[in-house]
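Report on the structure
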Amino acid sequence: MKKDNKRVIYWLLTGCLLIFIMVVVGGITRLTHSGLSISNYKLISGTIPPMNDTEWQEAFNLYKQYPEYQKLNNQFTLQDFKDIYFWEWLHRVIGRFIGLIFFIPFLYFLIKKQLTKETIKKSIILLSLGAFQGFLGWYMVKSGLVDNPDVSHYRLAAHLTTAFITFAYTFWVALDLMFLHKKEVNKAFRNLIRLGLAFLLVQIIYGAFVAGLDAGFIHNHWPMMSEGKFMHQTVYIEQNPWYKNFTEGKSGVQFVHRILAYIVVVFILLIWKKSKKLNLTILQSKGINILLIMVGLQFLLGVFTILLQVPVWLGVAHQIGAFFLLSAMTFTMHRFSK
């Protein structure tokens, strides 16, 4: 049987779809403040939620022992707890399911010798990224169970960014198998796309900072941040030393996120403009056009998310937009790489 066949490609694309679903559910989990509802980690038994009143009460009593309930949600009823428990449970179950979807078919393809040596190496990297992602999820939740009833925004950013990178790499491996022919590459143009991708990844990190610090709930104006001022004065006094305002202060983090949005837009406009001077294939042209559409849509979603003070549906839509923008950037870069 032919190695790296269509079934291998479908397997990888299924993994991409599941990672996408997990990121969406993760966004809902964050925006509904559900992430600390399950304070213990049980890899196998944790797959099954509480099944009766006694088990629900035990889970609720465990939740009561931690800072989020004691400092923020001590007015919660059991039904309130069930509502937030659902999203965190679903998020974890999808994570376990993704692990199975990646690992079991990989073993099957390995035993049946349907993978080339190169694809085996890439698959091992994918499995390692998935395992690391699971560890980061636990590490993130752990940060909100001590004193502060919220997770570290640094750990949240690491968890989210690793999910995006895992998706992009899985998509890249699938594209490698879908397009086997070699092509001529304009190195300068390829490097421009690479630089744009780098800024996009930094922007995704800062999007996680904004989410982790709830920084989207302030400065709900555009294009100015507040009362006609581009940067609110509190950006300079939130943190000491001053430069921490841009990694730990709400105003500073939102300011950097806004600036990076403009930079990403400029880079993609530059990519689009320079592409007009090149002799493009149909797929290269489509990739750049989709990239242009997605960055415009994502920019608008970001503006309305700020103006409307981050409603859950719009916050999730903005995160989905980032996902599709990264997909378009990955596809485009692949079409301009050997």
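The rules behind these values
- Residues numbered from 1 in each chain as written.
- Predicted model: local features only at pLDDT ≥ 70, side-chain atom pairs only at ≥ 80, totals over all residues.
- Heavy atoms only, no water.
- Core = buried A, V, L, I, M, F, W, Y, C linked by side-chain atoms within 4.5 Å.
- Buried < 20%, exposed > 50% of the residue type's maximum accessible area, 1.4 Å probe, protein only.
- Helix = DSSP H or I, 4+ residues; strand = E, 2+ residues; numbered from the N terminus.
- Contact = heavy atoms within 4.5 Å.
- 1 Å grid on protein atoms, 1.4 Å probe; cavity = no way out; pocket = protein on both sides within 12 Å on 5 of 7 lines; lining within 4 Å.
- Points joined across faces, edges and corners; volume = space filled by probe spheres on them.
- Nonpolar A, V, L, I, M, F, W, Y, C, P; charged D, E, K, R; others polar.
- Patch = residues over 30% accessible without salt bridge, like charges linked within 9 Å, V, L, I, M, F, W, Y side chains within 5 Å.
- Areas by Shrake-Rupley, 256 points an atom, 1.4 Å probe, with all protein chains shown as cover.
- Salt bridge = Lys/Arg side-chain N within 4 Å of Asp/Glu carboxyl O.
- Lys, Arg positive; Asp, Glu negative; His and termini not counted.
- Charge placed at Lys NZ, Arg CZ, Asp CG, Glu CD.
- Expected span 1.5 Å × (residues − 1).
- Axes fitted to C-alpha atoms, helices over the stretch in contact; angles between N-to-C directions.
- Parallel < 35°, antiparallel > 145°, perpendicular 65-115°, else oblique.
- Left-handed = near helix turned anticlockwise from the far one by under 90°.
- pLDDT = per-residue confidence, 0-100.

**Here's the deal with the nonpolar core**
Judged by nonpolar contacts, the single largest core of 68 residues is most densely connected at Leu12 and Phe164. Contributions of two or more residues to this core are made by helix 1 (6-31), helix 4 (78-111), helix 6 (153-178), helix 7 (187-212), helix 9 (250-275), helix 10 (282-307) and helix 11 (312-335). Among the elements that line this core, the one with the most residues is helix 1, at 13 residues. If we ignore the near neighbours within four places in the chain, the residues touching Leu12 are Leu126, Thr170, Val173, Ala174 and Leu177. Ile38, Ala59, Tyr63 and Tyr85 belong to the second-largest nonpolar core, a separate cluster that totals twelve residues.

**Quick look at empty space enclosed by the protein**
Per the counting criterion, the structure on display carries one cavity of 30 Å³ or more. Counted as a void, the largest cavity has a volume near 40 Å³. Lining of the largest cavity is provided by Phe20, Val23, Val24, Gly27, Val316, Gln319, Ile320 and Phe323. Put simply, the parts of the chain that give the lining of the largest cavity at least two residues each are helix 1 and helix 11. Each residue belonging to the lining of the largest cavity can be placed in one class, and the counts come to six nonpolar, two polar and no charged.

**Some points on a positive patch on the surface**
Together, Lys3, Lys113, Lys117 and Lys121 make up a positively charged patch on the protein surface. Turning to its location among the elements, Lys121 is positioned in helix 5 (residues 117-142). Residue classification places Lys121 among the exposed residues on the basis of a relative accessible area of 54%.

**Things to note about helix 11**
Taking 1.5 Å per residue, 24 residues should reach 34 Å; helix 11 reaches 35 Å between its end C-alpha atoms and fits that length. With 19 of 24 residues buried, helix 11 is to be regarded as a mostly interior element.

**Let's talk about the packing of helix 7 against helix 11**
The N-to-C vectors of helix 7 and helix 11 enclose an angle of 160°; their axes lie 10 Å apart at closest approach. Comparing their axes, helix 11 and helix 7 come out roughly antiparallel. In this structure, helix 7 crosses over helix 11, and the sense of that crossing is left-handed. Residues Ile193, Arg194, Gly196, Leu197, Leu200, Leu201 and Ile204 of helix 7 form the contact with helix 11, whose participating residues are Leu325, Leu326, Met329, Thr332 and Met333.

**Let's talk about a nonpolar patch on the surface**
Taken together, the side chains of Tyr41, Leu43, Ile44, Phe132, Phe135, Trp138 and Tyr139 define a hydrophobic patch exposed on the protein surface, amounting to about 750 Å² of accessible area. With respect to the element layout, Leu43 can be found in the loop between helix 1 and helix 2 (53-63).

**Observations concerning helix 5**
Taking 1.5 Å as the rise per residue, helix 5 with 26 residues should run 38 Å; its terminal C-alpha atoms sit 38 Å apart, in good agreement. Considered for burial, the residues of helix 5 that qualify are Thr119, Lys122, Ser123, Leu126, Leu129, Gln133, Leu136, Gly137, Met140 and Val141. Where helix 5 is buried, its residues meet helix 1, helix 4 and helix 6.

**Structural notes on the layout of surface pockets**
The gaps of empty space that remain are located by a probe, the size of a water molecule, rolled over the atoms. By volume, the second largest pocket is sized at about 400 Å³. Along the walls of the second largest pocket sit 20 residues, with Asn40, Lys42, Pro50, Ala59 and Tyr85 positioned nearest its centre. Among the secondary structure elements, those contributing two or more residues to the lining of the second largest pocket are helix 2 and helix 4. Take the lining of the second largest pocket: its biggest share by element is five residues, from helix 2.

**Here's the deal with the packing of helix 6 against helix 11**
Each packed pair of helices is defined by two parameters, the angle between the axes and the distance between the axes. Viewed as axis vectors pointing N to C, helix 6 and helix 11 meet at an angle of 35°, and their least axial separation amounts to 10 Å. Seen from above, helix 6 lies across helix 11 with right-handed handedness. Taking contact as the criterion, the partners of Leu160, Phe164, Phe167, Ala168, Phe171, Trp172, Leu175 and Asp176 in helix 6 are, on helix 11, Gln319, Ala322, Phe323, Leu326, Ser327, Thr330, Phe331, Met333 and His334.

**A look at the environment of Tyr41**
Relative to the assigned elements, Tyr41 resides in the loop between helix 1 and helix 2. Between the C-alpha atoms of Tyr41 and Val141, which are 100 residues apart in sequence, the distance is 9.8 Å.

**Points about the confidence of the model for the protein chain**
The pLDDT averaged across the protein chain works out to 90; a share of 94% of its residues lies at or above 70. In this model, residues 232-236 is a region of pLDDT below 50 whose contacts with residues beyond four sequence positions or in other chains number twelve contacts.

**A few points about the pattern of salt bridges**
The final tally for this structure, using the stated rule, is four salt bridges. In this structure, Arg92 and Glu88 form a salt bridge, with 2.7 Å as the shortest nitrogen-oxygen distance. Separated by four residues within a single helix, Arg92 and Glu88 lie in helix 4, roughly one turn from each other. The pair formed by Arg92 and Glu88 is uniform in burial state, with each residue classed as buried. Note that Lys122 is salt-bridged to Asp176, the shortest N-O span being 2.7 Å.

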